[in-house]
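Structural overview
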Amino acid sequence: MTHNKVRKALLEKRITIGTWVQIGNAVVGEIFGNAGFDWVAVDAEHTDIDIQGFTDVARGLYGRVPEPFIRVRENDTLAIRQALDAGARGVIVPLINNADEAKRAVAAAKYPPKGIRGFCFSRMNDYGDKFDEYISTADDNIAVVVMIESKEAIENIDEILAVDGVDGVFIGPYDLSGSYGIPGKTSHSIVQEGCKKVLDACKRGKKSAGLHVVLPTEENVKKALNDGFTFIAIGVDTVFLNMASRDSLELAKRISKNINII
Ligand code: 3PY
Ligand code: MG
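Heads up: these notes are all about the structure in this document. Within any chain, residue numbers begin from 1 and follow the written order of that chain's sequence. Each chain gets a letter, beginning with A, and each ligand a number, beginning with 1, in the order they are written. Under the rules for a predicted model, residues below a pLDDT of 70 receive no local features and side-chain atom pairs below 80 are neither given nor counted, while totals for whole chains, interfaces and linings still include all residues. Here the side-chain values reflect all heavy atoms present in the structure, with hydrogen atoms and water set aside.

**Re the site of ligand 1**
- We call a residue near a molecule or strand as soon as one heavy atom of that residue lies within 4 Å of the molecule or strand. Around ligand 1 sit Arg-71, Met-147, Glu-149, Gly-172, Pro-173, Tyr-174 and Asp-175, and that is every residue in its neighbourhood.
- Contact between ligand 1 and Arg-71: an oxygen atom at 2.7 Å from a side-chain N or O atom of the residue.
- N or O atoms closer than or at 3.5 Å make up a polar contact, with two conditions inside protein: a donor-capable atom paired with an acceptor-capable one, and, for residues adjacent in sequence, both atoms drawn from side chains. Asp-175 has a polar backbone atom sitting 2.9 Å from an oxygen atom of ligand 1.
- Method for areas: the Shrake-Rupley scheme with a 1.4 Å probe, in which residue coverage is limited to the protein chains shown. Against a free-state accessible area of 230 Å², the protein chains account for coverage of 91% of ligand 1.
- Ranked by residues supplied to the shell around ligand 1, first place goes to helix H9 (residues 173-179) with three residues.
- Three classes are used, and their members are as follows: Ala, Val, Leu, Ile, Met, Phe, Trp, Tyr, Cys and Pro are nonpolar, Asp, Glu, Lys and Arg are charged, and the others, Gly among them, are polar. Here the shell around ligand 1 is composed, by residue class, of three nonpolar, one polar and three charged. Where helices and strands are cited, they refer to DSSP runs of H or I of at least four residues and of E of at least two residues respectively, numbered from the N terminus.

**Observations regarding the pattern of salt bridges**
- Any carboxyl oxygen of Asp or Glu within 4 Å of a side-chain nitrogen of Lys or Arg constitutes a salt bridge here. Inspection of the entire model under this criterion finds 14 salt bridges.
- The salt bridge partner of Lys-8 is Glu-12, with a shortest N-O separation of 2.9 Å.
- The exposure class of Lys-8 is partly exposed, given its relative accessible area of 36%.
- Put simply, Lys-196 and Asp-200 hold a salt bridge, and the shortest N to O gap is 3.0 Å. Taken as a pair, Lys-196 and Asp-200 lie in helix H10 (residues 189-205) at a separation of four residues, close to a single helical turn.
- Exposed residues in this analysis have more than 50% of their type's maximum accessible area, buried residues have under 20%, and partly exposed residues fall in between, with area computed by a 1.4 Å probe over protein chains only. Owing to a relative accessible area of 27%, Asp-200 belongs among the partly exposed residues under this scheme.
- Through salt bridges with shared partners, a single ionic network connects Lys-8, Glu-12 and Arg-14.

**Here's the deal with the sheet that holds strand E8 (residues 231-234)**
- Whether two strands pair depends on DSSP finding at least two bridges between them. Taken together, the eight strands give a closed barrel; going around it, the order is E1-E2-E3-E4-E5-E6-E7-E8, and neighbouring strands pair in parallel fashion. Ignoring strand direction, the axes of neighbouring strands in this sheet form an average angle of 25°.
- With three bridges joining them, strand E3 (residues 67-71) and strand E4 (residues 90-93) adopt parallel strand pairing. Within the sheet, the bridge partner assigned to Arg-71 lies in E4 and is Ile-92.
- Residues are treated as being in contact if the distance between any of their heavy atoms lies within 4.5 Å. Here an axis means a line fitted to C-alpha atoms, over the contact stretch when the element is a helix, while the angle between two N-to-C directions is reported on a 0 to 180 degree scale. H10 rests against strand E5 (143-148), strand E6 (168-171) and strand E7 (208-213) of the sheet, and its axis sits at about 170° to E6.

**Some words on the pairing of strand E2 (residues 39-43)**
- Within E2, five of the five residues are buried, which leaves it mostly tucked inside the rest of the structure.
- Note: strand E1 (residues 16-21) against E2, four bridges, orientation parallel. When the bridges of E2 are listed, Thr-19 appears paired with Val-40.
- Handedness is read with the strands pointing away from the viewer; a crossover is right-handed when the path from the first strand over the helix to the second is clockwise. Following the chain from E1 across helix H2 (residues 26-35) to the adjacent parallel E2, one finds a crossover that is right-handed.
- Alignment of E2 against E3, held across five bridges, turns out to be parallel. Bridge pairing in E3 links Val-40 to Pro-68.

**Considering unusual backbone geometry**
- For the peptide bond that leads from Pro-112 to Pro-113, omega is 10°, which places it in the cis range.
- Positive phi outside glycine occurs at Asp-126, with the angle close to 50°.
- Secondary-structure assignment places Asp-126 in the loop between helix H5 (99-109) and helix H6 (131-141).
- With a relative accessible area of 31%, Asp-126 lands in the partly exposed category.

**Some points on the packing of helix H4 (residues 77-85) against H5**
- Remark: H4 packs on H5, axes separated minimally by 8 Å, with the N-to-C direction vectors making an angle of 35°. For the element pair H4 and H5, the recorded crossing hand is right-handed. From H4, Thr-77, Ile-80, Arg-81 and Leu-84 reach across to H5, where they touch Ala-105, Ala-108 and Ala-109. A crossing counts as left-handed when the near helix is turned anticlockwise from the far one by less than a right angle, and as right-handed when that turn is clockwise.

**So, the coordination of the magnesium ion (ligand 2)**
- Distances define the donors: N, O and S atoms within 2.8 Å of the metal qualify, as do those within 3.2 Å of Na, K or Ca. Water is excluded, so some sites may look unfinished. With distances of 2.1 Å, the protein atoms coordinating the magnesium ion (ligand 2) are Glu-149 (OE) and Asp-175 (OD). Taken together, the residues span a long stretch of sequence, with Glu-149 in the loop between E5 and helix H7 (151-155) and Asp-175 in helix H9 at a distance of 26 residues.
- Judged by relative accessible area, which is 32%, Asp-175 ranks as partly exposed.

**Side note on the nonpolar core**
- Judged by nonpolar contacts, the single largest core of 62 residues is most densely connected at Ile-80, Val-91, Val-169 and Phe-229.
- In terms of nonpolar packing, the next biggest core, distinct from the first, is built from 15 residues, Phe-69, Ile-92, Ala-143 and Ala-233 among them. Put simply, buried Ala, Val, Leu, Ile, Met, Phe, Trp, Tyr and Cys residues joined by side-chain atoms within 4.5 Å make one nonpolar core.

As structure tokens, this is what we get:
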């Protein structure tokens, strides 16, 4: 298994820039692959994307720069091992509230003796051609990032970060705001204080903190980086499509108003 630059950057708290996928198609992987993101996370939690959809995106990314990551549908050992067997090089595990849940996520992603991942022939080892090579290198080259998206997780952040095998954390601001009873108010001071607690704990625990900047602007990307986030997702395929299609339509409509063709 080739060396995972994104995991190394997570361990060294260096900046990487990724993006987010809600459309489970190889074309999206090809386009984001050519754009040159460091990593591309396929969202299997809040979309209709299943393992087949993840595999399609990963095929589009194949041979291109970004590492294929997946946000699995939940902290479930089967979801994690199926994603890894399909070739995911990083898992982002939602709704981790305490150290035990974090340990469970790590165990699902590691082979024995470190964890409980099952052995098989599949896409990740070229259907068995690279079985030995894969199993001897996988644990060191698969990133495990856990999501902090509840009040409870913020309270337990130090113990979550102390779990061996947690390579970084990723804040889910929407669920976090929901858990404080203010859904969607991600700029609210309570949510921002929660983010600050995570960043401070990451400094103490020497772990990477990640954030999704869903609607990237000069201001919010700068803020995320200045705040100390190093594992940054910018945009979403659907958001890019939405923004670009509206802007292009508006442009064409504006120009067409001034042209009279009889
Ligand atoms: C959240 O904000 O809860 C998320 O999961 C973002 O991806
Ligand atoms: Mg969430």
